[in-house]
There are 2 protein chains.
Amino acid sequence: MTKARRILILGEGLSHDPQYGKTMRGIIRYGPDPVVAILDSARAGEMQDGIPVVETVNDSLCFDPTVAVVGVATQGGRFPPAWRELLKSCIAKGLDVESGLHEYISEDPELIELAQRHGVELRDLRKPPAGLNVPTGANLEVEAKIVLTVGSDCAIGKKTVAVELDLEARRRGLESVFVPTGQTGIAIAGWGIAVDAVVSDFLAGAAEQLVVEGARRGGKLLLVEGQGSLVHPMYSGVTLGLIHGSAPHAFVLCHRAGSTEIEGCPGHPIPPLVELVELHERISLPRRPAKVACIALNTADFQRDDDARREIAEVAAETGLPADDPVRFGAGYLLDALLARV
Amino acid sequence: MTKARRILILGEGLSHDPQYGKTMRGIIRYGPDPVVAILDSARAGEMQDGIPVVETVNDSLCFDPTVAVVGVATQGGRFPPAWRELLKSCIAKGLDVESGLHEYISEDPELIELAQRHGVELRDLRKPPAGLNVPTGANLEVEAKIVLTVGSDCAIGKKTVAVELDLEARRRGLESVFVPTGQTGIAIAGWGIAVDAVVSDFLAGAAEQLVVEGARRGGKLLLVEGQGSLVHPMYSGVTLGLIHGSAPHAFVLCHRAGSTEIEGCPGHPIPPLVELVELHERISLPRRPAKVACIALNTADFQRDDDARREIAEVAAETGLPADDPVRFGAGYLLDALLARV
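What you see is a predicted model; the values in this text were computed from it and never measured. (Residues numbered from 1 in each chain as written. Chains lettered and ligands numbered in written order. Predicted model: local features only at pLDDT ≥ 70, side-chain atom pairs only at ≥ 80, totals over all residues. Heavy atoms only, no water.)

## Some points on the overall build of chain A
Then, number 1: Helix and strand content of chain A: twelve helices and 13 strands.
Then, number 2: Taken over C-alpha atoms, the radius of gyration comes to 20 Å for chain A, in line with the 20 Å a tight globule of 342 residues would show.
Then, number 3: Taken along its principal axes, the extent of the C-alpha atoms in chain A is 55 × 50 × 45 Å.
Then, number 4: Taking all 342 residues of chain A together, 60% fall into the buried category.
Then, number 5: The contacts of chain A with a sequence gap of at least 6 include a subset with a gap of at least 24, amounting to 71%.
Then, number 6: On chain A, roughly 13200 Å² of surface is accessible, and the fraction owed to carbon and sulfur atoms is 50%. (Helix = DSSP H or I, 4+ residues; strand = E, 2+ residues; numbered from the N terminus. Rg over C-alpha atoms; globule rule 2.2 N^0.38 Å. Buried < 20%, exposed > 50% of the residue type's maximum accessible area, 1.4 Å probe, protein only. Contact = heavy atoms within 4.5 Å. Areas by Shrake-Rupley, 256 points an atom, 1.4 Å probe, with all protein chains shown as cover.)

## Thoughts on the sheet that holds strand 6 (residues 96-99) of chain B
Residues and elements named next belong to chain B.
Then, number 1: Taken in spatial order, the seven strands of this open sheet run 3-4-2-1-5-6-7, and their pairing is mixed. Two strands close off the open sheet at either side, each with one partner strand: strand 3 (47-48) and strand 7 (122-124).
Then, number 2: As defined by bridge partners, strand 2 (residues 35-39) adjoins strand 4 (residues 51-54) across two bridges and the pair is classed as parallel. If you follow Leu39 over to strand 4, its bridge partner there is Val54. (Pairing = 2+ DSSP bridges.)

## Some details on the side chain of Glu164(B)
Residue and element names in this part refer to chain B.
Then, number 1: Considering the arrangement of structural elements, one finds Glu164 in helix 5 (residues 158-171).
Then, number 2: One buried charged side chain, Glu164, makes no salt bridge at all; its nearest oppositely charged neighbour is Arg171, positioned 4.9 Å away.
Then, number 3: Reaching out from Glu164, the side chain makes a polar contact with the side chain of Tyr30 at a distance of 2.5 Å.
Then, number 4: Residues within four places of Glu164 in sequence aside, it is in contact with Tyr30, Pro326, Val327 and Ala331. (Lys, Arg positive; Asp, Glu negative; His and termini not counted. Salt bridge = Lys/Arg side-chain N within 4 Å of Asp/Glu carboxyl O. Polar contact = N/O pair within 3.5 Å; in protein donor to acceptor, adjacent residues only side chain to side chain.)

## Comments concerning the packing of aromatic side chains
Residue and element names in this part refer to chain A.
Then, number 1: Counting across every chain of the model gives two aromatic pairs over all chains.
Then, number 2: Measuring from centroid to centroid gives 6.1 Å for Phe79 and Trp83, while their planes differ by 40°, and the two rings are tilted.
Then, number 3: Exposure remark for Trp83: the relative accessible area of 4% places this residue in the buried category. (Phe/Tyr/Trp six-rings, centres within 6.5 Å; stacked < 30°, edge-to-face > 60°.)

## Points about the interface of chain A and chain B
Then, number 1: Each side of the interface is counted separately: chain A has 44 residues, and chain B has 44 residues.
Then, number 2: Carbon and sulfur atoms make up 57% of the surface buried where chain A meets chain B, a total of about 3500 Å² over both sides.
Then, number 3: The largest contributions to the chain A side of the interface with chain B come from Ser200(A), Asp201(A) and Arg282(A), which together make up 17% of the buried area.
Then, number 4: At the boundary of chain A and chain B, one finds four salt bridges.
Then, number 5: Arg282(A) is the partner of Glu278(B) in a salt bridge, and the nearest nitrogen-oxygen pair spans 3.1 Å.
Then, number 6: The greatest single-element share of the side of chain A that touches chain B, amounting to six residues, is contributed by helix 8 (residues 236-246) of chain A.
Then, number 7: The class makeup of the residues in the side of chain A that touches chain B is 23 nonpolar, 13 polar and eight charged. (Buried area = accessible area lost by both parts, 1.4 Å probe. Nonpolar A, V, L, I, M, F, W, Y, C, P; charged D, E, K, R; others polar.)

## Things to note about the relation of the copies chain A and chain B
Then, number 1: Overlaying chain A with chain B gives an RMSD of 0.0 Å, the required rotation being 180° about an axis along which the chain moves by 0.0 Å. Such a turn and shift between the copies fits a two-fold axis.
Then, number 2: Residue by residue, 100% of the interface of chain A is reproduced at the interface of chain B, so both copies engage with the same surface. (Least-squares fit on C-alpha atoms with pLDDT ≥ 70 in both.)

## A few points about the pattern of salt bridges
Then, number 1: Applying the stated criterion across every chain, the model contains 56 salt bridges over all chains.
Then, number 2: The partner of Arg117(A) in a salt bridge is Glu113(A), and the shortest N-O contact between them spans 3.2 Å. Placement of the pair is Arg117(A) and Glu113(A) together in helix 4 (residues 109-118), with a separation of four residues, close to one helical turn.
Then, number 3: With relative accessibility at 40%, the residue Glu113(A) sits in the partly exposed group.
Then, number 4: Between Arg172(B) and Glu168(B) there is a salt bridge; the shortest N-O distance is 3.1 Å.
Then, number 5: Residue Arg172(B) is classed as partly exposed on the basis of its relative accessible area of 37%.
Then, number 6: Given the relative accessible area of 14%, Glu168(B) is considered buried.
Then, number 7: Taken together, the salt bridges that share partners define one network made up of Arg5(A), Asp33(A), Asp96(A), Glu98(A), Glu121(A) and Arg123(A).

## A closer look at the sheet that holds strand 12 (residues 291-298) of chain B
Residue and element names in this part refer to chain B.
Then, number 1: One open sheet accounts for six strands, arranged 9-10-8-11-12-13; its pairing is parallel. Each edge of the sheet is formed by a strand with only one pairing partner; in this case those strands are strand 9 (176-179) and strand 13 (323-324).
Then, number 2: Strand direction decides the pairing type here: strand 12 and strand 13, joined by two bridges, are parallel. By the bridge assignment for strand 13, Ala296 is matched with Asp324.
Then, number 3: Where helix 8 (residues 236-246) meets the sheet, it contacts strand 8 (145-151), strand 10 (221-224) and strand 11 (250-256), and its direction lies at approximately 170° from that of strand 8.
Then, number 4: Relative to the sheet, helix 12 (residues 332-339) contacts strand 8, strand 10, strand 11, strand 12 and strand 13, its axis offset from that of strand 12 by approximately 170°. (Axes fitted to C-alpha atoms, helices over the stretch in contact; angles between N-to-C directions.)

## Observations regarding the pairing of strand 2 (residues 35-39) of chain A
Then, number 1: Strand 2 of chain A sits mainly inside the fold: five of its five residues count as buried.
Then, number 2: Remark: the strand 1 (residues 7-10) of chain A/helix 1 (residues 22-30) of chain A/strand 2 of chain A crossover connection has right-handed handedness. (Right-handed = clockwise from strand over helix to strand, strands pointing away.)

## Some thoughts on helix 10 (residues 305-319) of chain B
Residues and elements named next belong to chain B.
Then, number 1: The end-to-end C-alpha distance of helix 10, which contains 15 residues, comes to 21 Å, matching closely the 21 Å that a straight helix rising 1.5 Å per residue would cover.
Then, number 2: Those residues of helix 10 that fall on the buried side of the exposure criterion are Asp307, Ala308, Glu311, Ile312, Val315 and Thr319. The buried residues of helix 10 occupy one face: seen down the axis, they fall within an arc of 140°. (Expected span 1.5 Å × (residues − 1). Arc of directions from axis to C-beta.)

Here it is as structure tokens:
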């Protein structure tokens, strides 16, 4: 019997960052195993969500972690050089290491040698399975209603919305399955494929495999984690491959209230939501035309609930669609809207 | 000094296929080195474009080939099992082997061992370079007019149209460069990245690198080879990543006259051309909105020139855009249309 998993999250330099720290927050909020400490030297001594922030791997050992999880998503998925020392330190202290970056720790000769010496495992959550291929058409034969979260930008809550809708559906006794398509989703659910790490030609094929697997796991309602955005200048290809490969019956469009520009891409505007709704509906497969069923608005930037509610009402009026913030106000209203449309 | 390249094209079972034999035809028509034989056992004894078709590697040796090039693109880029024997036979006869499939011959232990024994090279045209990443914004700073060929389906002539426009532009003394994005384009031009073989997250970054490189090679007009189609249920992700990463100033929309369904995907319709024009223009980067400058119509299915001309006139009337078949009638008219719009 293996020791119960106790997680040290590696967030060095980025644990406070809303975009790059999203893996950490996903694991803390939705993961099945306890997070016992967060490593971020600049914030050492603070608490986050009731979890102590520590300076070094050594400082974390009193909380008895068994595994260190890379909790930040760097741009392009590469390790900043200082991270190598951090990973070596974790291995030397006997911790398994899990990473969702594109640079695979399980293929790094120095880390492999060190891991063998200390008897720990290196796992790459983003490493695609062997044998992927193009779609076969099985996506259109899955006997489940498929819902994909899409969005106006990266890191605005597409995964969180899918998880919240799935939790709410299961609370109601529905046979719902959350379908993970990225490293954090995989860390939360324990299965999945990081579609952005797949060879481009097999992107839609990987998405197809995921919805087939979601149905095999008993899902009659599949809540598929979206990736990127159709209007993102870096990641739009991933988004469209996922849209066509997962073949959703409906979209949930996610948006950060008030955003008008792609984060990190100055001069790249986010089009009005009405245009985004139409663009997604037009680009859905003619064999399975999908509508945007509702808008999930991320109102985290608004402190007062009243302001959040006003933003939501404005978006609902602007788009003519049901809108809510499912993290702030619960996922019930959006799930009702969704179930009425699939 | 190495021996001049003389090519044996491996087309076993597919050399006659309009879709899967497109690599072969591209190399025969536009490649700088002579093709001395085509291997396809079922068609042995025939001639194609003045080139003898042979049954076995042995039969090709009287034509003194130096390199065997895999001339067919199998679905998903895998080798059918019978191909392994064929490749081993080429190596055993002292031929280098080049392949554009996703299954890398240069990483296959059995083939590597055999190649070392016989002193030949194994090259994978589709293997991406190391160190790819997301786009940096350099695509928007390239000092060249960028034109991307897009299309209603795969294998309808996007590469050929880009090559023909480039040849015509250079004939006129323009500083034009053809930018290859797939295995055949790479085989023709001797450089490039097969964007469909790149990790999905780095798709747009690879496309950016290609236009930067095209300008570095002296291009003031870049004719970028398109891939897939926005409406293709298997490959649309590659298409959109290439559109956003190459950041074209204008599109040339390619279409096979009369096609109404995606080849090989029964039930997946091709939308009307007017809708395709609008979809491409809407999905182009807001930072660099691009128009469809003209339509390149593939009229190969029409035997009589009169019928081809009638099809072209109908498409021009339907879309309100200049249209022509640049392979059948020359690329001059479409190049004029393009230059008037970039």
